[in-house]
Amino acid sequence: MKQYDHPAPEDFQLAGILHALADPFRLSVVQKLMQHQPQACAPLQDGRPKSSISHHFAVLRKSGLLRTEVVGVTHMNSLRLQDMEVRFPGLLAAILLAAEQAPQPV
């Protein structure tokens, strides 16, 4: 089974994290994982095609936000909260709070 590469915390780049979270779908994945983790990919898909999901999860992994572990045939996803907090203290919490408080588009 495929194992995924995950950047070391010292390699996290602010621009990469902000880029990853600028997409509404990727932001929603992070919000869902904040509520319950780890989670398999399927409950996070929201009916999107697998190819689209693969791309979004790759962006989240590359930024350092997401860790994907292969367990049998399931890909379990969790946030790298401690690594994020060490590299950019308070950043993820501030972004998620702002997203929660933002008016929703009509």
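Residues numbered from 1 in each chain as written. Predicted model: local features only at pLDDT ≥ 70, side-chain atom pairs only at ≥ 80, totals over all residues. Heavy atoms only, no water.

## Side note on the pattern of salt bridges
One pass over the structure, following the stated rule, counts three salt bridges. A salt bridge links Asp46 to Lys32; the shortest N-O distance between them is 2.8 Å. Taken together, the residues Asp46 in the loop between β1 (39-40) and α3 (50-63) and Lys32 in helix α2 (residues 24-35) connect sequence positions 14 residues apart. Among the residues examined, Lys32 registers a relative accessible area of 25% and is labelled partly exposed. Here Arg67 ties to Glu69 by a salt bridge, and the two come within 3.7 Å at their closest N and O atoms. Since its relative accessible area comes to 27%, Arg67 is described here as partly exposed. (Salt bridge = Lys/Arg side-chain N within 4 Å of Asp/Glu carboxyl O. Helix = DSSP H or I, 4+ residues; strand = E, 2+ residues; numbered from the N terminus. Buried < 20%, exposed > 50% of the residue type's maximum accessible area, 1.4 Å probe, protein only.)

## Let's talk about the UniProt feature "domain: HTH arsR-type" (unreviewed entry) in the chain
In the numbering used here, UniProt assigns the feature "domain: HTH arsR-type" (unreviewed entry) to residues 16-93. The straight-line gap between the two end C-alpha atoms of residues 16-93 is 16 Å; of that span, 55% is helix and 18% is strand. (UniProt positions renumbered as here; feature names shortened; annotations may be inferred.)

## Things to note about α2
With 12 residues, α2 should reach 16 Å at 1.5 Å per residue; the first-to-last C-alpha distance of 17 Å fits that figure. Of all the positions in α2, only Phe25, Arg26, Leu27, Ser28, Val29, Val30 and Leu33 are classed as buried. Looking at the buried positions of α2, the neighbouring elements they touch are α1 (14-22), β1, α3, β2 (66-71), β3 (74-79) and α5 (91-101). Two or three places before Phe25, at the opening of α2, Asp23 has a side-chain oxygen 2.9 Å from that residue's backbone nitrogen. (Expected span 1.5 Å × (residues − 1). Contact = heavy atoms within 4.5 Å. Polar contact = N/O pair within 3.5 Å; in protein donor to acceptor, adjacent residues only side chain to side chain.)

## Focus on the packing of aromatic side chains
The relative placement of two aromatic rings is captured by the distance of their centres and the angle of their planes. On inspection of all chains with the given rule, the structure shows zero aromatic pairs. Taking the ring centre of Tyr4 as reference, the NZ or CZ of Arg61 above it sits at 3.9 Å. (Phe/Tyr/Trp six-rings, centres within 6.5 Å; stacked < 30°, edge-to-face > 60°. Lys NZ or Arg CZ within 6 Å of the ring centre and 35° of its normal.)

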